[in-house]
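Structure at a glance
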Amino acid sequence: MTSRTGFFLLAAALLVVSLVCVLEGVQLIATGKPAGIGIGVSAFVIPGIGVWFLRQTIRFGRTTEAMSKELEAEGGLPVDELRRTSGGRIDRASADEVFAKRRAEAEAEPQDWRVWFRLAVAYADAGDTPRARKTMHHAIKLRG
């Protein structure tokens, strides 16, 4: 299963759960009891947070995809220069070497979103997903 397929399955599940939460919330509010009303109102908050998170994730994906296409058109996408193990996994030392090179590029040109994009890819290749996302968010801010 690709990550895109997995995302759409999870998004569909989130929407179904949100619908169930809202319907249950309406029923709890309809009881007229203070506890039911309180829990029912709370049931509206949870889907709101989930839908907000889903929207942010979709925006992040669309923006990074557009950035990737722009870099591809410019010939600036990072080249896969990573060594792989016999099982196909990325060699950690190779990822660290590429990461060091990308970090130096970002330090040399701190206002260029392109180098931050490539640094985010290097973080992802090194297996550091939280820093990869944070760095990609920085690239998005720089791009404007």
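So, a few notes on the structure that sits alongside this text. (Residues numbered from 1 in each chain as written. Predicted model: local features only at pLDDT ≥ 70, side-chain atom pairs only at ≥ 80, totals over all residues. Heavy atoms only, no water.)

Things to note about the environment of glycine 48
- Of note, glycine 48 is situated in helix 2 (residues 34-74).
- Remark: the alpha-carbon pair of glycine 48 and methionine 136, spanning 88 residues in sequence, is separated by 25 Å. (Helix = DSSP H or I, 4+ residues; strand = E, 2+ residues; numbered from the N terminus.)

Side note on the pattern of salt bridges
- Following the criterion strictly, the structure yields 14 salt bridges and no others.
- Across the pair glutamate 81 and arginine 102 runs a salt bridge, and its minimum N-O distance is 3.2 Å. One end of the pair, glutamate 81, is in the loop between helix 2 and helix 3 (92-108); the other, arginine 102, is in helix 3, and 21 residues separate them in sequence.
- The class for arginine 102 is buried, based on a relative accessible area of 7%.
- Residue arginine 83 is joined to aspartate 91 by a salt bridge in which the shortest nitrogen-to-oxygen separation is 3.5 Å.
- Classification of arginine 83 by relative accessible area gives partly exposed; the value is 41%.
- By sharing partners, the salt bridges in this structure join Glu70, Glu74, Asp112, Arg114 and Arg143 into a single network. (Salt bridge = Lys/Arg side-chain N within 4 Å of Asp/Glu carboxyl O. Buried < 20%, exposed > 50% of the residue type's maximum accessible area, 1.4 Å probe, protein only.)

Structural notes on the nonpolar core
- The biggest cluster of nonpolar side chains holds 16 residues, and the ones touching the most others in it are Met67, Trp113, Trp116, Phe117, Leu119, Met136 and Ala139.
- Of all the secondary structure elements, the ones that give two or more residues to this core are helix 2, helix 3, helix 4 (113-125) and helix 5 (129-143).
- At eight residues, helix 4 tops the list of elements feeding residues into this core. (Core = buried A, V, L, I, M, F, W, Y, C linked by side-chain atoms within 4.5 Å.)

Structural notes on the packing of helix 3 against helix 4
- Contact geometry of helix 3 with helix 4 gives a least axis separation of 9 Å together with a crossing angle of 160°. Put simply, helix 3 runs roughly antiparallel to helix 4. Of the two elements, helix 3 crosses helix 4, and the hand of that crossing is left-handed. Residues Ala95, Phe99, Arg102, Arg103, Glu105 and Ala106 of helix 3 pack against Val115, Trp116, Arg118, Leu119, Ala122, Tyr123 and Asp125 of helix 4.
- Here the residues of the contact of helix 3 with helix 4 sort into eight nonpolar, no polar and five charged. (Axes fitted to C-alpha atoms, helices over the stretch in contact; angles between N-to-C directions. Parallel < 35°, antiparallel > 145°, perpendicular 65-115°, else oblique. Left-handed = near helix turned anticlockwise from the far one by under 90°. Contact = heavy atoms within 4.5 Å. Nonpolar A, V, L, I, M, F, W, Y, C, P; charged D, E, K, R; others polar.)

Some words on the packing of aromatic side chains
- Evaluation of the coordinates by the stated rule reveals two aromatic pairs.
- With a centroid separation of 5.5 Å and an interplanar angle of 70°, the aromatic rings of phenylalanine 7 and phenylalanine 8 are classed as edge-to-face.
- Overall, the relative accessible area of 52% leaves phenylalanine 8 in the exposed class.
- Judged by centre distance (4.7 Å) and plane angle (50°), the ring pair of phenylalanine 99 and tyrosine 123 falls under tilted. With phenylalanine 99 in helix 3 and tyrosine 123 in helix 4, the pair connects residues that are 24 residues apart, well separated along the chain.
- Note that arginine 133 overlies the ring of phenylalanine 60, its terminal NZ or CZ placed 4.3 Å from the centroid.
- Here the basic side chain of arginine 143 rests over the ring of tryptophan 113, its NZ or CZ set 5.7 Å away from the ring centre. (Phe/Tyr/Trp six-rings, centres within 6.5 Å; stacked < 30°, edge-to-face > 60°. Lys NZ or Arg CZ within 6 Å of the ring centre and 35° of its normal.)

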